[in-house]
Amino acid sequence: MIERIWSGKSWLYILLLPLSFLYGLITLVRHLGYKTGLFRSWKSPVPVVVVGNLTAGGNGKTPVVIWLVESLSKQGVRVGVVSRGYGGKSDYYPLVLNQNTTTAVAGDEPVLIYHRTHVPVAVAPKRSDAIKALLDNFQLDIIITDDGLQHYALQRDYEIVVIDGQRRFGNGWWLPAGPMRERAGRLKTANALIVNGGHPDLNETLMSLEGDIAVNLVTGEKRQVTELKNVVAMAGIGHPPRFFSSLESKGLILANTQAFSDHQAYSQQQLADLVDENQNLLMTEKDAVKCQTFAQSNWWYLPVEANIDKTGEKRILSEIKSLI
């Protein structure tokens, strides 16, 4: 239902407009407060790049963070990543991740980024605390913050906004009547706009998410995803239909699909009940990091990479490196 409301296919958004106006007012006051210096913000001693979005739901932000970290690391840049750690609950903050840090403590996205990139990652509700923890423990040239476009308590040197190329901005209204955290006019102040799928507008860089090799959660075996038979697909991400449609576009015939809420915590029995012994359960990498410890032999995940338009990629990386 919420997808229909946010996409403009239902008039029920009208009932939520009073709450949206309140949300918009609060957002505007906060933004102006930090912009005018009424509220204090913190400036990092090393450059900060924010990768975020204007809408709620999955836009492909985390793959962009991974792409950016890997691209800069290949060029000799020492990168650290900070995040709020949504979905995790630690006894203390800031929390610097290590090999034993679980998603229950740090959240699924930070753990995924840590294991994919092998760079220092820290989480804290106050992102400046996470940055300070990283700089106290590592020699870094730049910090990438996963999400946090609206976290104005942290000053930033470069902003990348990731846009869902299919859904764009829905009906254009603030939460909860629409998907917007901020109105689309905010794009004018961002340094780079990356569009996940669809057709990019002027000054937008096209991105696609690509991945064809499925990985077994228990054995680590890698196999072309199209070789998997009797597949049940599941996803607990911001927009599960994107994952399911991407599998079908590769030619997979899905026996069933199961969507979960974003950052969903799983139990072994909950997922085991989705398939029988002759079926394969296929999930996203973000789901896989949450159930690695209790996975079964017929569970697979599909890692994806952000493929950025080469012209835009060159410009973005050049502009960011110039900050160092």
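Per-chain numbering applies: the sequence of each chain, read as written, is numbered from 1 onward. For a predicted model such as this one, the threshold for reporting local features is a pLDDT of at least 70, and the threshold for listing and counting side-chain atom pairs is 80 or more; totals across whole chains, interfaces and linings nevertheless cover every residue. The basis for the side-chain values is all heavy atoms of the structure; hydrogens and waters are excluded.

Per an unreviewed UniProt entry, the recorded name for the protein is Tetraacyldisaccharide 4'-kinase, and the organism is Providencia alcalifaciens DSM 30120. UniProt positions are given in the numbering used here, feature names are shortened, and annotations may be inferred rather than shown by experiment. Note on the protein: under the UniProt heading Pathway (unreviewed entry), the record states "Glycolipid biosynthesis; lipid IV(A) biosynthesis; lipid IV(A) from (3R)-3-hydroxytetradecanoyl-[acyl-carrier-protein] and UDP-N-acetyl-alpha-D-glucosamine: step 6/6." The heading Function (unreviewed entry) in the UniProt record of the protein holds the text "Transfers the gamma-phosphate of ATP to the 4'-position of a tetraacyldisaccharide 1-phosphate intermediate (termed DS-1-P) to form tetraacyldisaccharide 1,4'-bis-phosphate (lipid IVA)."

In this section: helix H10 (residues 310-321). Residues spaced three or four apart along an α-helix point in a common direction, a consequence of the helix completing one turn every 3.6 residues. Helix and strand assignments follow DSSP, with helices taken as H or I runs no shorter than four residues and strands as E runs no shorter than two, numbered in order from the N terminus. Here a helix's expected span is defined as the number of its residues, less one, multiplied by 1.5 Å. With 12 residues, H10 extends 16 Å between its outermost C-alpha atoms, agreeing within 8% with the 16 Å of an ideal straight helix rising 1.5 Å per residue. Exposure is judged per residue with a 1.4 Å probe applied to protein chains only, and the accessible area is read against the type maximum: over 50% gives exposed, under 20% gives buried, and values in between give partly exposed. Of all the residues in H10, the buried ones are Gly312, Glu313, Ile316, Leu317 and Ile320. For H10, the arc enclosing every buried residue in end-on projection is 120 degrees, short of the 170-degree limit, so these residues lie on one face. More than 90 degrees from the buried face of H10, the exposed residues found are Lys310, Thr311 and Lys314. Starting at the helix axis, one direction is taken to each C-beta atom, and the arc is that of these directions.

Moving on, we get to the environment of Thr102. If you trace the backbone, Thr102 turns up in the loop between strand E3 (95-96) and helix H4 (103-106). Residue Thr102 is classed as partly exposed on the basis of its relative accessible area, which comes to 39%. Any pair of residues with heavy atoms lying within 4.5 Å of one another is described as a contacting pair. Sequence-distant contacts of Thr102, defined by excluding residues within four places in its chain, comprise Gly107 and Val111.

With that settled, consider the nonpolar core. Side-chain atoms within 4.5 Å are what join buried Ala, Val, Leu, Ile, Met, Phe, Trp, Tyr and Cys residues into a set we call a nonpolar core. Counting 35 residues, the largest nonpolar core has Trp67, Leu68, Leu72, Ile144, Ile160 and Ile320 as its most contacted members. The element contributing the most residues to this core is helix H3 (residues 61-74), with 7 residues. Each residue touching Leu68, except ones within four places of it in the same chain, is listed here: Val49, Val51, Ile144, Ile160, Leu317 and Ile320. Counting residues in each nonpolar core, the second largest holds 22 residues, with Val50, Val82, Leu140 and Leu149 among its members.

Here we come to the packing of H3 against helix H5 (residues 108-117). Lines fitted to C-alpha atoms define the axes here, with helix axes fitted over just the stretch in contact, and angles between the N-to-C directions of these axes take values from 0 to 180 degrees. Their axes nearest at 10 Å, the elements H3 and H5 cross at an angle of 30 degrees. The pairing of H3 with H5 is recorded here as roughly parallel in orientation. Classified by chirality, the crossing of H5 by H3 is right-handed. On H5, the residues that touch Lys61, Thr62, Val65, Ile66, Val69 and Glu70 of H3 are Glu109, Leu112, Ile113, Arg116 and Thr117. Partitioned by chemical class, the residues of the contact of H3 with H5 number 5 nonpolar, 2 polar and 4 charged. Any angle that falls under 35 degrees is termed roughly parallel, while one over 145 is termed roughly antiparallel, one within 65 to 115 roughly perpendicular, and all others oblique. Crossings are assigned a handedness: left-handed for a near helix turned anticlockwise from the far helix by less than a right angle, right-handed for a clockwise turn. Following the grouping adopted for this structure description, the nonpolar residues are Ala, Val, Leu, Ile, Met, Phe, Trp, Tyr, Cys and Pro, the charged ones are Asp, Glu, Lys and Arg, and the polar ones are all others, Gly among them.

Within the UniProt annotation, "binding site: ATP" (unreviewed entry) is assigned to Thr55, Ala56, Gly57, Gly58, Asn59, Gly60, Lys61 and Thr62. You can see Thr55 is positioned in the loop between strand E1 (48-52) and H3. Assessed through its relative accessible area of 5%, Thr55 is described here as buried. Residue contacts for Thr55: discarding those within four places in its chain leaves Arg168, Phe169, Pro179, Met180 and Arg181. Polar contacts, as counted here, are pairs of nitrogen or oxygen atoms within 3.5 Å of one another; within protein the pair requires one atom able to donate a hydrogen and one able to accept it, and residues that are adjacent in sequence qualify only if both atoms are side-chain atoms. Within the structure, Thr55 has its side chain in polar contact with the side chain of Asn59 (distance 3.0 Å). Residue placement: Gly58 occurs in the loop between E1 and H3. For Gly58, the contacting residues outside a window of four places in its chain are Asp164, Arg167, Gly238, His239 and Arg242.

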